[in-house]
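Overview (structure and organization)
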Amino acid sequence: MPRPPKWRRVGFVPEVTYFKPAGIPLASLEEVCLTLEEAEAIRLKDREGLEQEECARMMRVSRPTFHRVLGSARKKLADALLNGKAIRIEGGNFEMAMRRFQCRSNGHEWDVPFETMVTRPPAACPTCHSPDIRPAPGFGFGMRGRGGRRGGRGRWKMQE
Ligand SMILES: [Zn+2]
């Protein structure tokens, strides 16, 4: 029996997902692939400076798992930086954060993927088209993404 994938919660998808070192011909360029959960681990621990325990809690994984994901991420980044490899961020087993919106005219609530909210925030209620909308308190999570090497954006599907 294959083990079921472990979904890790990701609250962020980086806008730039490919990094290429300068001056290396494409033909001889090697790349490392950072999964979205690895990028999230780096973000929470190294960028936000949170304690491992909190990072693990935010990603809904055990501490040892978080430690392993973080270790793998750091190793890949170090490899890329020191050996002049490109970095691609994609794929992995992750759950995408959704932001719930609420219409103040008819009370309708709907979920907007975090990424969409950042790039194209909703301007009106999808049912009554009222512009009087606001983010509902708290985050809702309802989207999952799963990628192989070419996974990630565009292949997310709603759960249930
Ligand atoms: Zn409405």
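Look a little higher up for the structure.
This section reports on the structure supplied with the text. (Residues numbered from 1 in each chain as written. Predicted model: local features only at pLDDT ≥ 70, side-chain atom pairs only at ≥ 80, totals over all residues.)

With that out of the way, let us pick up the overall build of the chain. Looking only at helices and strands, the chain has four helices and eight strands in total. Starting at the N terminus, the α and β elements of the chain follow one another as β-β-β-α-α-α-β-β-β-α-β-β. Relative to its 160 residues, the chain shows a buried fraction of 26%. Partitioning the contacts of the chain with sequence separation of at least 6, the portion at a separation of at least 24 is 67%. (Helix = DSSP H or I, 4+ residues; strand = E, 2+ residues; numbered from the N terminus. Buried ≥ 20, exposed ≤ 12 C-beta atoms within 10 Å, placed from the backbone. Contact = placed C-beta atoms within 7 Å.)

Our next topic: the packing of helix α1 (residues 36-47) against helix α2 (residues 52-59). To describe two helices that pack against each other, one gives the angle between their axes and the distance between the axes. The contact between α1 and α2 brings their axes to 10 Å, and the two run at 140 degrees. The orientation of α1 with respect to α2, classified from their angle, is oblique. Seen from above, α1 lies across α2 with right-handed handedness. Residue-level contacts link E37, E40, A41, L44 and K45 of α1 to Q52, C55, M58 and M59 of α2. For the contact of α1 with α2, the residue count by class is five nonpolar, one polar and three charged. (Axes fitted to C-alpha atoms, helices over the stretch in contact; angles between N-to-C directions. Parallel < 35°, antiparallel > 145°, perpendicular 65-115°, else oblique. Left-handed = near helix turned anticlockwise from the far one by under 90°. Nonpolar A, V, L, I, M, F, W, Y, C, P; charged D, E, K, R; others polar.)

Counting buried positions along α1 gives nine out of twelve residues, so the element sits mostly inside the fold. The complete set of buried residues in α1 reads L36, E37, E38, A39, E40, A41, I42, L44 and K45. Count one or two residues on from α1 and you reach G49, which has phi positive near 70 degrees.

A few words on the sheet that holds strand β2 (residues 18-19). Across the sheet, which stays open at both edges, the three strands sit in the order β2-β4-β3 with mixed pairing between neighbours. The open sheet has two free edges, formed respectively by β2 and β3 (31-34), since each of these has just one partner strand. Relative to β3, helix α3 (residues 63-83) is tilted by about 155 degrees, and along the sheet it contacts β3 and β4 (86-89). (Pairing = 2+ DSSP bridges.)

Purely spatial values, then, with no claim about function.
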